[in-house]
Amino acid sequence: MTDLLQVDRLRVEYASGRGSVRAVDDISFTIGKGEIFGLAGESGCGKSTTAFAVARLLRPPARIAGGSVKLDGTELTGLSDAQFDRIRWSRMSIVLQSAMNNLNPVMKIGDQLADSILAHQPMTMKEAYGEAKRLLELVDLPYDRLGSFPHELSGGMRQRVVIAMALALNPSLVIMDEPTTALDVVVQRGIIRKIVQLQQKFGFSILFITHDLPLMLEMCGRIGIMYAGKLVETADRDSLLRHPKHPYTQGLLNSFPSLTGPKSKLIGIPGHPPDLITPPPGCKFHPRCSHVLPVCSRIVPELRLHGRQDVSCHLYTEEGIGHEQASAASEQSQQSI
Ligand SMILES: Nc1ncnc2c1ncn2[C@@H]1O[C@H](COP(=O)(O)OP(=O)(O)OP(=O)(O)O)[C@@H](O)[C@H]1O
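In this text the structure is predicted, and so the values were computed from the model without any measurement.

## Remarks on the sheet that holds strand β3 (residues 36-40)
1) Next: Ordered by their spatial adjacency, 8 strands build an open sheet running β6-β7-β8-β3-β9-β10-β12-β11, and the pairing between neighbours is mixed. Every interior strand has two partners, whereas the edge strands, β6 (92-96) and β11 (304-306), have only one. Averaged over all pairs of adjacent strands, the angle between their axes in this sheet comes to 20°, without regard to strand direction.
2) Next: Pairing geometry for β3 and strand β8 (residues 205-209), over 4 bridges, is parallel. Within the sheet, the bridge partner assigned to G38 lies in β8 and is F208.
3) Next: Lying on the sheet, helix α5 (residues 155-167) is in contact with β6 and β7 (173-177); it crosses β6 at an angle near 170°.

Right, dumping it as structure tokens:
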């Protein structure tokens, strides 16, 4: 699969009175053309900061401290705001959890959609309205809703409008950060089904972020697991489900009910994520890890290909205990998933 997005050694820091918060710490991943890639991990691990860095939505005190973000070969981190504005919406768009509340309350839906189309495409107002109607129908809203104000729509309908706006200019990448979290479960499911249908129809790629790991596993072809600003494992969905390699991934999967297998006891991960201003040395997960080795508190493990997935863990490095015990750990965890 050809890469659409290439994130290489990205680092993002927030300046704070106590020091720098290393929210995204040297992470690398790619998203293929037409691929749905998910980022998962506990609250505060840096998922949204990564998405905002890619979409260039970070504001002070946040700053990109290093690394590269390329979209279809174009380096984004060095572009001026004006250059990036041409890319935003036309090649990359973003749907946020709160977006449905950010629609202009005193403007009709049709005017808002037409305005966002006209901001990037030379058309007459009549043509833009025609486009707005097509977009509403894409997300299964009747076109007479063009004349409604946001408060006349339910939360689910407003989020569909936001998704329609994100697709208006046919982008190649859509970033979705908790796009349905604020909605009730039934409405969520309907919107997710619609997103997947549209993705299959138009072939755009998605960077998908949610707390809902079962939903992520259902929707994403490949998933990156983040812990304390680091990417600790990247794998295709099946490998991740069948053979999670990093002890953190294993713990995360054990914290959610199984999608398909028999019922088993849910086990949380003991302890808490570290303070990102003074994280522990070596692997940041080592104070919580049940497979911890002496090397883990000394050396940061690199993310390396192991079997079908990339994993950053000393269970799979030469400094660590080697593959046999790692496989045993993976199998042991698998039995309980
Ligand atoms: N303005 C800020 N100043 C200082 N630190 C911040 C700021 N915003 C976020 N952070 C820190 O950056 C880290 C990453 O936050 P981020 O919101 O990206 O995580 P997340 O994985 O998306 O969390 P959630 O799932 O809760 O949205 C957190 O530890 C957070 O405390």
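Continuing now.
## Side note on the packing of aromatic side chains
1) Next: Applying the stated criterion across every chain, the model contains 4 aromatic pairs.
2) Next: Ring geometry for F29 versus F37: centroids 5.1 Å apart, planes at 5°, classification stacked. An identical accessibility class is assigned to F29 and F37; each is buried.
3) Next: Ring geometry for Y227 against Y248: centres 4.7 Å apart, planes inclined by 55°, an arrangement best described as tilted.

## Side note on the sheet that holds strand β1 (residues 3-16)
1) Next: The strand order across the open sheet built from 4 strands is β2-β1-β4-β5, with neighbouring strands paired in antiparallel fashion. Looking at which strands have only one partner, the edges of the open sheet turn out to be β2 (19-32) and β5 (74-75).

## Details of unusual backbone geometry
1) Next: For the bond running from P60 to P61, omega is 15°, close enough to zero to count as cis.
2) Next: Relative to the helices and strands, P61 resides in the loop between α1 (47-54) and β4 (62-71).
3) Next: A positive phi angle, close to 50°, is found at D72, a residue other than glycine.
4) Next: Note that D72 resides in the loop between β4 and β5.
5) Next: In this structure, N170 takes a positive phi of about 60° despite not being glycine.
6) Next: By secondary structure assignment, the location of N170 is in the loop between α5 and β7.
7) Next: The exposure class assigned to N170 is exposed, which follows from its relative accessible area of 54%.

## Digging into the packing of helix α3 (residues 109-118) against α5
In helix packing, the relevant descriptors are the interaxial angle and the interaxial distance, both defined with respect to the helix axes.
1) Next: The N-to-C vectors of α3 and α5 enclose an angle of 20°; their axes lie 10 Å apart at closest approach. Of the possible angle classes, the one that applies to α3 and α5 is roughly parallel. Considering how the two elements wind past one another, α3 and α5 form a crossing that is right-handed. Here I109, Q112, L113 and S116 of α3 come into contact with α5, specifically with V161, A164 and M165.
2) Next: For the contact of α3 with α5, the class distribution of residues is 5 nonpolar, 2 polar and no charged.

## Some points on the UniProt feature "domain: ABC transporter" (unreviewed entry) in the protein
1) Next: Following the UniProt record, the feature "domain: ABC transporter" (unreviewed entry) maps to residues 5-253 here.
2) Next: A distance of 27 Å separates the end C-alpha atoms of residues 5-253, which is 36% helix and 29% strand.

## Structural notes on helix α9 (residues 247-254)
1) Next: Counting buried positions over the 8 residues of α9 gives 8, a clear majority of the element.
2) Next: Restricting attention to buried positions, one finds in α9 the residues P247, Y248, T249, Q250, G251, L252, L253 and N254.

What counts, and at which threshold
Sequence order as written defines the numbering, with residues in each chain counted from 1. Residues qualify for local features only when their pLDDT is at least 70, as the model is predicted, and side-chain atom pairs are given and counted only at 80 or more; totals for whole chains, interfaces and linings, by contrast, use all residues. Computation of side-chain values covers all heavy atoms of the structure but excludes hydrogens and water. DSSP bridges decide pairing: two strands pair if at least two such bridges lie between them. The numbering of helices and of strands both runs from the N terminus, where a helix is a DSSP run of H or I of at least 4 residues and a strand a run of E of at least 2. All axes are obtained by fitting lines to C-alpha atoms, using only the stretch in contact for helices, and the reported angles, taken between N-to-C directions, cover 0 to 180 degrees. Contacts were defined at the residue level, with two residues in contact if any of their heavy atoms lie within 4.5 Å. Two rings from Phe, Tyr or Trp (for Trp, the six-membered ring) form a pair when their centres sit within 6.5 Å of each other. Planes less than 30 degrees apart are called stacked, planes more than 60 degrees apart edge-to-face, and all others tilted. Exposed residues in this analysis have more than 50% of their type's maximum accessible area, buried residues have under 20%, and partly exposed residues fall in between, with area computed by a 1.4 Å probe over protein chains only. For this classification, under 35 degrees means roughly parallel, over 145 means roughly antiparallel, 65 to 115 means roughly perpendicular, and everything else is oblique. A clockwise turn of the near helix away from the far one marks a right-handed crossing, whereas an anticlockwise turn of less than a right angle marks a left-handed crossing. Polar here means any residue outside two lists: the nonpolar Ala, Val, Leu, Ile, Met, Phe, Trp, Tyr, Cys and Pro, and the charged Asp, Glu, Lys and Arg; Gly therefore counts as polar. UniProt positions are given in the numbering used here, feature names are shortened, and annotations may be inferred rather than shown by experiment.

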